[in-house]
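Observations on the model geometry
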Amino acid sequence: MNAHFLTDIEIKQFKCFTDFKASGFKRVNLIGGKNNIGKTAFIEACYINVGSVSINTIITRIIDIKYARESLNFIDRIVDYQNILDATKKYSVKSNLNSTSFFIIEKDAIKEYRFDINDESKSVNFNEFNIIFERINNILLIDNFGWTNIDLVKAFEAIQKQDLEDDLNYFIKEFDNGIENFKVMRDKPQCKANGEYRDITEFGDGLRHYISIICALYACENGYLFIDEIDNGIHYTQLDRLWELILTLSKKTNCQVFAITHSKEMLESFARVAEKLEDQDISYTLLVKNKQEKIKTIAMNYEVLLNSLAQEHEVRGW
Amino acid sequence: MVKVAILHEGSSNDKTADKKLIRSLIEKIGLPESSIVYYAFGSKTEFFKITNPNYIEIKGYVEADEIDKILFIVDADHEKDDAKYKGYENTEKELKNIIDELGFNDFARFYIVCDPVTKTGYLESLILASLSAEKRNCIEHFIECSEINPKQIHKTIINNLYTIAYPDPPYNFEHAHFDELKAELTNLFTI
């Protein structure tokens, strides 16, 4: 286990979570659970926690996740980032890495933002508040809607810096042998097919998602990659190859991966490939609600997951 | 709805009679199959290993209220084998210990499977005990003459012989020998 990996997390308060604990995370972690159980909120909580090393970074992350969820609502509008931040009233998460919290205090006609990051605490008056975006390049989130061109181009830089374009093109050809090359031209990701470069937006969402994941794994060297709806647009015949890439590249780049799925095929593929590669550094975390409607986890390591799937346990379907 | 885990010996397929018989009996009684998840432990000694992956999974489900009740169905075996887990009384004692160690006391029960008359043997012995003496003796003589060992092969051979000899209906669930197991299974679904 690498020292920078997130292994345990306690979400005291954030969105649908209160006094929630999860543990047993490994290098590659798959998160499952029924609709609206809080899977996305869970990886958002992790995403904020692992990368909050200063007030600027915690603010950036809280705004980024809210912006990602609401981006479609912001089209043709001037974005008020402070307003976005205000929508997240409370965030209090402690992990084996960081203790992080953010609260808005409104009392006696005074509004303050309160931040606690490990041993550092600070309150900032609403009128003095100034948002300074500060991102950490090796901690990335691929949200449900997929990456924008800007996100993809930025992650692709990591491949360019390491002269690994040929590797990427090889992986892309495995996915679709009709794609001859991938390049960024005029700040736009483009794929060459039938001798002609076209914007990646003209190809299927699955291809874009697949390329995003590979680029992100290189970009997140010694960091973290969070992927919402990992199987978005990916054909079931490609699932094993996708996991092979994630397991091998994450090991190579020392990147901890958290991915969400609803799909049983994805879970089975994950376990099958981990077994084939003899990679035991994996976990599966199932989020469920108990009788008191509190969110709980069922954590499975490599051995438990393989045993459970071999016996076709179907408790998930209650 | 009550959610139930049944822990049994043998495999998750029908290689041995364990799961097949339990499922057939559940169907016969009319219990809700969809509320049951089966955990196959393979050999008996696996029941007594607290680190068994089945236990790790079950504990997670119990803590999340995804499993309400648990029934262990374990063979008695023969005490003459002089091993820690062999024989009715040893099995009973060790099952109580592991249930206690797992913290399952409040919602777990066990049923030790054997020939109800001699209190020895396996689930297959219970099946044979439900046959007429004439039919039972035929199979028992064959087993005795063939000197089959070890236990898993023994269980499989009995199961195969029985399945070939009495395919329809496969089990005599009307026999009183099955009453106790029926009661344990029914009890799982009482609140």
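Residues numbered from 1 in each chain as written. Chains lettered and ligands numbered in written order. Predicted model: local features only at pLDDT ≥ 70, side-chain atom pairs only at ≥ 80, totals over all residues. Heavy atoms only, no water.

A few words on the confidence of the model for chain B. Residues and elements named next belong to chain B. Mean pLDDT over chain B works out to 88, with 93% of the residues at or above the 70 mark. Per-element mean pLDDT across chain B ranges from 74 in helix H6 (residues 151–165) up to 97 in strand E4 (residues 108–113). Here the prediction assigns the complex a pTM of 0.91, and the interface score ipTM is 0.87. (pLDDT = per-residue confidence, 0-100. Helix = DSSP H or I, 4+ residues; strand = E, 2+ residues; numbered from the N terminus.)

Let's shift gears to unusual backbone geometry. Glycine aside, a negative phi is what most residues show, and trans is what most peptide bonds show. Residues and elements named next belong to chain A. Unlike most non-glycine residues, Asp-19 shows phi in positive territory, near 45°. Structurally, the position occupied by Asp-19 is in strand E2 (residues 17–23). What makes Asp-19 exposed here is its relative accessible area of 54%. In this structure, Asn-254 takes a positive phi of about 60° despite not being glycine. Secondary-structure assignment places Asn-254 in the loop between helix H7 (239–253) and strand E13 (256–260). (Buried < 20%, exposed > 50% of the residue type's maximum accessible area, 1.4 Å probe, protein only.)

A grouping of Tyr-67, Tyr-81 and Phe-133 of chain A is seen on the molecular surface, where their side chains present a nonpolar patch of about 250 Å² in accessible area. Positionally, Tyr-81 of chain A belongs in helix H3 (residues 81–87). (Patch = residues over 30% accessible without salt bridge, like charges linked within 9 Å, V, L, I, M, F, W, Y side chains within 5 Å. Areas by Shrake-Rupley, 256 points an atom, 1.4 Å probe, with all protein chains shown as cover. Salt bridge = Lys/Arg side-chain N within 4 Å of Asp/Glu carboxyl O.)

Across the boundary between the two partners, chain A contributes 21 residues, which contact 21 residues of chain B. Across the chain A to chain B interface the summed buried area is about 1,700 Å²; carbon plus sulfur atoms make up 60%. The residue Lys-291 of chain A makes a salt bridge to Asp-68 of chain B at a minimum N-O spacing of 2.6 Å. Counting across the chain A and chain B interface gives eight residue pairs in polar contact (both at pLDDT 80 or more). Counting only elements with at least two residues in the side of chain A that touches chain B, the list comes to strand E14 (282–289), strand E15 (295–301) and helix H9 (302–310) of chain A. Among the elements that line the side of chain A that touches chain B, the one with the most residues is H9 of chain A, at five residues. Among the residues making up the side of chain A that touches chain B, the classes are represented as eight nonpolar, seven polar and six charged. (Contact = heavy atoms within 4.5 Å. Buried area = accessible area lost by both parts, 1.4 Å probe. Polar contact = N/O pair within 3.5 Å; in protein donor to acceptor, adjacent residues only side chain to side chain. Nonpolar A, V, L, I, M, F, W, Y, C, P; charged D, E, K, R; others polar.)

What follows covers the packing of helix H6 (residues 205–219) of chain A against H7 of chain A. Residue and element names in this part refer to chain A. Following both chains from N to C, one finds H6 and H7 inclined at 15°, their axes separated by 9 Å at the closest point. When the interaxial angle is binned, H6 and H7 end up roughly parallel. Here the hand of the crossing between H6 and H7 comes out right-handed. Each of Tyr-210, Ile-213, Ile-214, Leu-217 and Tyr-218 in H6 lies in contact with H7, whose residues at this interface are Arg-241, Leu-242, Leu-245, Ile-246, Leu-249, Ser-250, Lys-252 and Thr-253. In the contact of H6 with H7, the residues fall into nine nonpolar, two polar and two charged. (Axes fitted to C-alpha atoms, helices over the stretch in contact; angles between N-to-C directions. Parallel < 35°, antiparallel > 145°, perpendicular 65-115°, else oblique. Left-handed = near helix turned anticlockwise from the far one by under 90°.)

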